[in-house]
Structure formats: C-alpha cells, structure tokens
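# Structure at a glance
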Amino acid sequence: MSMLTHGFERPLGWAENTMRLSPFREAQLKRVALRALTLLTMGSVLTALIALRTAIYVWHLHA
C-alpha cells in the first residue's frame, strides 16, 4: 500500500514554514477579494431581480 502513496508522502517540515506577505501584496489581495465578492453580490442581486420580474409577469398573466 505504501507503494501507491509514495509520491504523496512528505515530511512535516514543510508545514512549519510560514509564508510572510508584504503589506503591499496583502492589500492587493484584499482588493482582489473585495472586487470578487462585489461581483458575485451584484450577480446574485441581478438574478434575484430577474426572478422577481418573471414571477410578477407570470402572476399577472394568470390573474
């Protein structure tokens, strides 16, 4: 069985290395994450508005 997982076994020393980000890089990553979150929020609001408009149209159609 160890022959199948031989490529995946690593010593635990790699987990102790912590990556330090520069303040500029950290701010840049925060901006990218905020923009992605804003884009997803706008997409979900647009989807909700389309669904609401469709529901109102169908409601008036059958009334």
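This section reports on the structure supplied with the text.

Parameters and conventions
Residues numbered from 1 in each chain as written. Predicted model: local features only at pLDDT ≥ 70, side-chain atom pairs only at ≥ 80, totals over all residues. Heavy atoms only, no water. Helix = DSSP H or I, 4+ residues; strand = E, 2+ residues; numbered from the N terminus. Buried < 20%, exposed > 50% of the residue type's maximum accessible area, 1.4 Å probe, protein only. Areas by Shrake-Rupley, 256 points an atom, 1.4 Å probe, with all protein chains shown as cover. Patch = residues over 30% accessible without salt bridge, like charges linked within 9 Å, V, L, I, M, F, W, Y side chains within 5 Å. Salt bridge = Lys/Arg side-chain N within 4 Å of Asp/Glu carboxyl O.

So, on to the overall build of the protein chain. A tally of regular secondary structure across the protein chain gives one helix and zero strands. Across the 63 residues that make up the protein chain, the buried fraction comes to 0%. As displayed, the protein chain offers around 6600 Å² of accessible surface, 70% of which is attributable to carbon and sulfur atoms.

Our next topic: a nonpolar patch on the surface. Judged by side-chain polarity, V45, L49, L52 and I56 come together as a nonpolar surface patch covering roughly 360 Å² of accessible area. Counting through the fold element by element, V45 comes out in helix α1 (residues 23–62). Assessed through its relative accessible area of 45%, V45 is described here as partly exposed.

Our next topic: the pattern of salt bridges. Counted by the stated rule, this structure contains one salt bridge. In this structure, K30 engages E26 in a salt bridge whose closest nitrogen and oxygen atoms are separated by 3.8 Å. On the criterion of helical spacing, the pair formed by K30 and E26 is a turn pair, its members being four residues apart in helix α1. The exposure class assigned to E26 is partly exposed, which follows from its relative accessible area of 36%.

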